[in-house]
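What the coordinates show
Residues per chain, in single letters:
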Amino acid sequence: MSKIGYARVSSKEQNLDRQLEALQSVSKVFSDKASGQSTERPQLQAMLDYLREGDIVIVTELDRLGRNNKDLTEIMNDIQQKGATLEVLNLPSMNGIEDENLRRLINNLVVELYKYQAESERKRIKERQAQGIELAKKKGRFTGRKSTFQKDDPLLQRAFNLYQSKEYTLKEIEQHTRIPVSTFKRYLQKYQIKR
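Residues numbered from 1 in each chain as written. Predicted model: local features only at pLDDT ≥ 70, side-chain atom pairs only at ≥ 80, totals over all residues. Heavy atoms only, no water.

Inspection of the secondary structure assignment puts Leu51 in the loop between helix H2 (42-50) and strand S3 (56-59). Setting aside its immediate chain neighbours within four residues, Leu51 contacts Ile4, Val57, Ile79, Lys82 and Ala84. (Helix = DSSP H or I, 4+ residues; strand = E, 2+ residues; numbered from the N terminus. Contact = heavy atoms within 4.5 Å.)

Moving on to the pairing of S3. Of the two faces of S3, the one lined by Ile56 and Ile58 and the one lined by Val57 and Val59 are each fully buried. Two elements, strand S1 (residues 3-9) and S3, share three bridges in a ladder whose sense is parallel. Pairing of Gly5 across the sheet is with Ile58, part of S3. Where S3 and strand S4 (residues 85-88) come together, four bridges link them in parallel fashion. For Val57, the partnering residue across the bridge sits in S4 and is Leu86. After leaving S3, the chain enters helix H3 (residues 69-81) and then returns to the sheet as S4, a path that is right-handed. (Buried < 20%, exposed > 50% of the residue type's maximum accessible area, 1.4 Å probe, protein only. Pairing = 2+ DSSP bridges. Right-handed = clockwise from strand over helix to strand, strands pointing away.)

With that out of the way, let us pick up the UniProt feature "active site" (unreviewed entry) in the chain. The UniProt record annotates "active site" (unreviewed entry) at Ser10. Within the element layout of this structure, Ser10 appears in the loop between S1 and helix H1 (17-22). Look at Ser10 and you get partly exposed, because its relative accessible area is 35%. When sequence neighbours within four positions are dropped, the list of residues in contact with Ser10 reads Lys33, Ala34 and Ser35. A polar side-chain atom of Ser10 sits 3.4 Å from a polar atom in the side chain of Arg8. (UniProt positions renumbered as here; feature names shortened; annotations may be inferred. Polar contact = N/O pair within 3.5 Å; in protein donor to acceptor, adjacent residues only side chain to side chain.)

This brings us to a nonpolar patch on the surface. Together, Leu102, Leu105 and Leu109 give the surface a local cluster of nonpolar side chains, amounting to about 280 Å² of exposed area. Here Leu105 lies in helix H4 (residues 100-138). (Patch = residues over 30% accessible without salt bridge, like charges linked within 9 Å, V, L, I, M, F, W, Y side chains within 5 Å. Areas by Shrake-Rupley, 256 points an atom, 1.4 Å probe, with all protein chains shown as cover. Salt bridge = Lys/Arg side-chain N within 4 Å of Asp/Glu carboxyl O.)

Our next topic: the side chain of Arg41. Inspection of the secondary structure puts Arg41 in the loop between strand S2 (28-33) and H2. Of the buried charged residues, Arg41 lacks a salt bridge, with Asp32 as the closest side chain of opposite charge at 5.0 Å. Ignoring anything within four residues of it in the chain, the contact list for Arg41 reads Tyr6, Arg8, Asp32, Ala34, Ser35, Gly36, Arg64, Leu65, Gly66 and Ile75. (Lys, Arg positive; Asp, Glu negative; His and termini not counted.)

All right, on to the pattern of salt bridges then. Under the defined criterion, the tally for this structure stands at five salt bridges. A salt bridge links Glu61 to Arg64; the nearest nitrogen and oxygen atoms lie 3.6 Å apart. Assigned by exposure class, Glu61 and Arg64 land together as buried. Between Glu74 and Lys70 there is a salt bridge; the shortest N-O distance is 4.0 Å. Here the residue Glu74 and the residue Lys70 both occupy positions in helix H3, the gap between them amounting to four residues, near one helical turn. For Glu74, a relative accessible area of 37% translates into the label partly exposed. A cluster of three or more residues bridged by salt bridges with shared partners is formed by Arg18, Glu61, Asp63 and Arg64.

We now examine the packing of aromatic side chains. This structure, assessed with the given rule, holds six aromatic pairs. Seen in terms of ring centroids, Phe160 and Tyr191 are 6.3 Å apart; in terms of plane orientation they differ by 80°. Their pairing is edge-to-face. Taken together, the positions of Phe160 in helix H5 (residues 154-164) and Tyr191 in the segment after helix H7 (181-190) put the pair 31 residues apart, joining distant regions of the chain. Judged on exposure class, the residue Phe160 and its partner Tyr191 are both buried. The rings of Phe149, Phe160, Tyr163, Phe184, Tyr187 and Tyr191 are connected pair by pair, giving a single aromatic cluster. The ring of Tyr50 is capped by Lys28, whose NZ or CZ atom sits 5.5 Å from the centre of that ring. (Phe/Tyr/Trp six-rings, centres within 6.5 Å; stacked < 30°, edge-to-face > 60°. Lys NZ or Arg CZ within 6 Å of the ring centre and 35° of its normal.)

As structure tokens, then:
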């Protein structure tokens with residue numbers, strides 16, 4: 001039996017130190033700097049592959065594993081199918097309960113409540129954000145995010161030319177122009193550029 005830690009922050013600029021300090025007692029830590037909106041995170045997948053029967057996955061907060069109920073349920077099912085258990089440090093501890101089945105049942109109920117609460121809070125934040133944008137639009141104060149490039153920008157045109165030459169991958173175009181692949185894809189779609 002091993003204690004396996006998982007830590008996550010949403011962006012490269014954010015710091016993992018607080019979580020890593022709380023996970024000092026584990027034998028191995030996996031960590032991602034990626035959004036929790038997707039389960040396609042390299043270290044999350046590596047952690048799930050690494051798990052063995054009897055292992056305990058430890059996270060500081062439930063939302064470090066995922067941001068929505070569906071993803072959290074999927075990840076927790078993966079952990080259980082490996083014969084491992086999940087421990088969330090900011091949830092009440094069930095260690096005083098002798099019966100392992102009862103302890104697991106109560107732990108699952110608590111986790112389900114927290115999942116529901118986290119998803120509800122995320123929906124409320126999105127609703128408030130949408131309301132704020134709508135009000136700003138009515139008052140003529142919301143213009144949306146400004147485009148980094150205009151269509152006639154020389155750097156963007158160079159990226160389009162490299163793309164249409166069919167000799168470069170998107171990653172190579174990013175290396176030549178320093179336009180991130182995700183940004184470049186948005187411009188390809190926006191201006192309907194085809195190969």
